[in-house]
Amino acid sequence: GRGGGGGGLREGGVVSLRPPCLPPLLSPQVVSLGAGLDSLYFCLKARGLVGGGRAVFFEVDFPDVTARKAALIAAHGPLAALAGPRHHGAPPPEAGALHFAGEDYRLLGVDLAELSKLEEALRCAGLDPQAPTMLLAEVVLPYMDVERSDALIQWAARHFSRAWFVLYEQIHPDDPFGHVMQNHFQRCNSPLCSLAQYPDLKAQQRRFMQKGWAECHAIDMNEFYNCFVSVEEQRRIQALEPFDEFEEWHLKCSHYFILVASKGEELCWASPFPGVEEKAFTGFAGTVAVSVGTADAGVTDLRRWGHRSVHMAPDVILTTGGFGDCRGCHCRLTDLHALIRREGKWTSGDVCLAKSGEAWDGRLFHTVTLLQAGWAVVVGGRLSPVSPAREACRLRMLEADSSAAPPSGPVVELTQLPPVEDLALLRWRHTATEVVHQGSRGGSFASRPPFSQCLWLGRRHSCGGWSGCHREGPGQCPVFEARGAWLPVVPC
């Protein structure tokens, strides 16, 4: 199948969008434009969704691509068996652009920009333009010149009497992710030609309506995943391997969409996305003015991610955890890092831990919350994709011993805090902030869904231990309740 992430989601989208109103006695046609080495036909055939008179599958791509694919199919017994023997009504494989012909499968080598040749090749391969037809274009049209891709959309609307055009490709080129996305394809010598002219869902819908399609609906892949992929399938996907990069996943899905355009008097006019309100991209909430300066030459050892930094003192920024380079090896970092401002310049400094043999446990995606100058609490994080960090701990800057040689960086006391009573803090990618008590929101643990509750932490006056509670309230915002002798979070 195609790479680029979301391949299984793409296939699920195609399967679920097979028009439910299609009369069962008809033999619909599927035309995959720019199919490449995609295995969609074989996946659907193995699941019984094509074949047996239910559909004839046509795949079209450049002749050199289809010739290679035909050779791979012929050389691989299971694939050839799925395609089946050549049907008595199918033309021989050597007929013109036809590179492979099976019982319900045709593989055609034609340039999509040459519409007259495309139409002739499909006719010779047995396609009936009067029969209900689903056309698929999955990340294909952006690689064509805009004029040619527009002409292909218009040709399909004119050529087929009853058809659905299913489109899957990129949107939103103008935000930071969109810039990175465009630069990536540019470096691959595959620029996204139509993205600037059709940057969002509304522009794509107007495009199809103006090219002759009667109806057009579109949603991004976040909406599709949340509304049309079953909970069971979502759990199955999440259980395939440890995964919690949900921010990147949602960001990627927001930049891909699925569109269904349709035409024909006998078509089902119901939306292919029932229950989903199609809405325009609203953009971002706003901007914040910032200035960026280059780092001083003395700043080193900060090439890391998943870490947390905190302004521990007026001239000290302490960085904890993360994943990065350690003596030429990429690993979880167990050394603390300090940025120290001296005479107006920031330089790196070594952090000296107060207790000999003490070390950071390698957690990342944790929180470090400053409660007063020189004193912070660490909550949550993970030691591996399946191993949450269980203990909260305290970071406290100490005064350097005046009788000893001055250290190159601050001296930090790392102390494990007593366990929280009856309250699981197994979470990462959460936030924590000081209010009246210590709060922690969100996060995810293993295959469980992200938490929606908030927690309060406080120190019991009587025993010095940590306790917490939470209570879900009505609406989207949790309501909190503190019981017993609670004190504001203060240094022990």
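Going by the structure above, here's the rest.
All of these numbers come straight from a predicted model, not from anything done at the bench. The numbers attached to residues start from 1 for each chain and follow its sequence in the written order. Where local features are concerned, this predicted model is filtered to residues with pLDDT of at least 70; where side-chain atom pairs are given and counted, the filter is 80 or more; whole-chain, interface and lining totals use all residues. Only heavy atoms go into the side-chain values, all of them from the structure, while hydrogens and water stay out.

Here we look at the environment of Val146
Phase 1 of the analysis: Strands are runs of DSSP state E lasting at least two residues, helices are runs of H or I lasting at least four, and both sets are numbered from the N terminus onward. Its place among the elements puts Val146 in helix H6 (residues 146–159).
Phase 2 of the analysis: Residues Val146 and Leu195, spaced 49 residues apart in sequence, show a C-alpha to C-alpha distance of 9.1 Å.
Phase 3 of the analysis: By the convention used here, residues are in contact when the closest approach between their heavy atoms is within 4.5 Å. With residues near it in sequence (within four places) discarded, Val146 still touches Cys193, Ser194, Gln197 and Tyr198.

Description of the sheet that holds strand S17 (residues 367–372)
Phase 1 of the analysis: The criterion for strand pairing is that DSSP finds at least two bridges linking the strands in question. In space, the five strands of this open sheet follow the order S16-S22-S21-S18-S17, with mixed pairing throughout. Edge positions in the sheet fall to strand S16 (352–353) and S17, since each has one partner strand and no second.
Phase 2 of the analysis: Strand direction decides the pairing type here: S16 and strand S22 (residues 411–416), joined by two bridges, are parallel. Across the sheet, Cys352 pairs through a bridge with Val411, a residue of S22.

What to know about the pattern of salt bridges
Side-chain pairs of opposite charge can arise where the charged atoms are in close proximity.
Phase 1 of the analysis: Any carboxyl oxygen of Asp or Glu that lies within 4 Å of a side-chain nitrogen of Lys or Arg is treated as forming a salt bridge with it. Taken as a whole, this structure holds 10 salt bridges when the rule is applied.
Phase 2 of the analysis: Notably, a salt bridge pairs Glu120 with Arg123, separated by 2.5 Å at the nearest N-O pair. Separated by three residues within a single helix, Glu120 and Arg123 lie in helix H5 (residues 115–124), roughly one turn from each other.
Phase 3 of the analysis: The residue Asp150 makes a salt bridge to Arg207 at a minimum N-O spacing of 2.8 Å. Of the two residues, Asp150 sits in helix H6 while Arg207 sits in helix H8 (residues 201–210), which places them 57 residues apart along the sequence.
Phase 4 of the analysis: The exposure class assigned to Asp150 is buried, which follows from its relative accessible area of 9%.
Phase 5 of the analysis: A residue is classified by how much of its surface remains accessible, and Arg207, at 1% relative accessible area, is buried.
Phase 6 of the analysis: What emerges from the salt-bridge pattern is a single network uniting Arg394, Arg396 and Glu413. Think of it in three bands: with a 1.4 Å probe and only protein chains considered, a residue is buried below 20% of the maximum accessible area for its type, exposed above 50%, and partly exposed in between.

Quick notes on helix H11 (residues 246–253)
Phase 1 of the analysis: Buried residues of H11: Phe246, Trp249, Lys252 and Cys253, and no others. Down the axis of H11, the smallest arc covering the buried residues is 130°, so these residues share one side. Starting at the helix axis, one direction is taken to each C-beta atom, and the arc is that of these directions.

Digging into the pairing of strand S8 (residues 256–263)
Phase 1 of the analysis: The buried fraction of S8 is high, at eight of eight residues.
Phase 2 of the analysis: The alternating pattern of S8 places Tyr256, Ile258, Val260 and Ser262 on one face and Phe257, Leu259, Ala261 and Lys263 on the opposite face, and all of these are buried.
Phase 3 of the analysis: Where strand S6 (residues 163–170) lies against S8, eight bridges are found, and the strand directions are antiparallel. Within the sheet, the bridge partner assigned to Trp164 lies in S8 and is Ser262.
Phase 4 of the analysis: As paired strands, strand S7 (residues 215–220) and S8 are joined by six bridges and run antiparallel to one another. Bridge pairing links Ile219 to Ile258 in S8.

Considering helix H3 (residues 63–75)
Phase 1 of the analysis: One less than the residue count of a helix, multiplied by 1.5 Å, gives the span that helix is expected to have. End to end, H3 covers 18 Å across 13 residues, agreeing with the expected 18 Å (1.5 Å per residue, within 8%).
Phase 2 of the analysis: Along H3, the residues that are buried comprise Thr66, Lys69, Ala70 and Ile73. Angular distribution of buried residues about the axis of H3 spans 105°; they occupy a single face of the element. Exposed residues pointing more than 90 degrees away from the buried face of H3 are listed as Asp64, Arg68 and Ala75.
Phase 3 of the analysis: In this fold, the buried residues of H3 make contact with helix H2 (40–46), strand S2 (56–61), helix H4 (77–83), strand S3 (98–101) and strand S4 (105–109).

Some thoughts on the sheet that holds S7
As a general point, the strands of a sheet are linked pairwise by backbone hydrogen bonds and lie either parallel or antiparallel.
Phase 1 of the analysis: If you trace the eight strands from one edge of the open sheet to the other, you get S3-S4-S2-S1-S5-S6-S8-S7, paired in mixed fashion. Edge positions in the sheet fall to S3 and S7, since each of these pairs with one other strand and no more. Taking each pair of neighbouring strands and ignoring which way they run, the sheet shows an average axis angle of 15°.
Phase 2 of the analysis: All axes are obtained by fitting lines to C-alpha atoms, using only the stretch in contact for helices, and the reported angles, taken between N-to-C directions, cover 0 to 180 degrees. Relative to S7, H8 is tilted by about 160°, and along the sheet it contacts S6, S7 and S8.

Observations regarding the nonpolar core
Phase 1 of the analysis: Formed by 38 residues in total, the largest nonpolar core has its most connected members in Leu122, Leu135, Phe165, Phe208 and Trp213.
Phase 2 of the analysis: Broken down by element, the residue count for this core peaks at five residues, all from H6.
Phase 3 of the analysis: Not counting the four nearest positions on each side in its chain, Phe165 is found in contact with Leu33, Leu135, Ala137, Leu141, Ile153, Ala156, Phe208, Trp213, Leu259, Val260 and Ala261.
Phase 4 of the analysis: Membership of the second largest hydrophobic core comes to 36 residues, among which are Leu40, Trp164, Val166 and Cys253. Nonpolar cores were defined as sets of buried Ala, Val, Leu, Ile, Met, Phe, Trp, Tyr and Cys residues, with membership established by side-chain atoms within 4.5 Å.

Bear in mind that shape data such as this cannot, by itself, settle questions of function.
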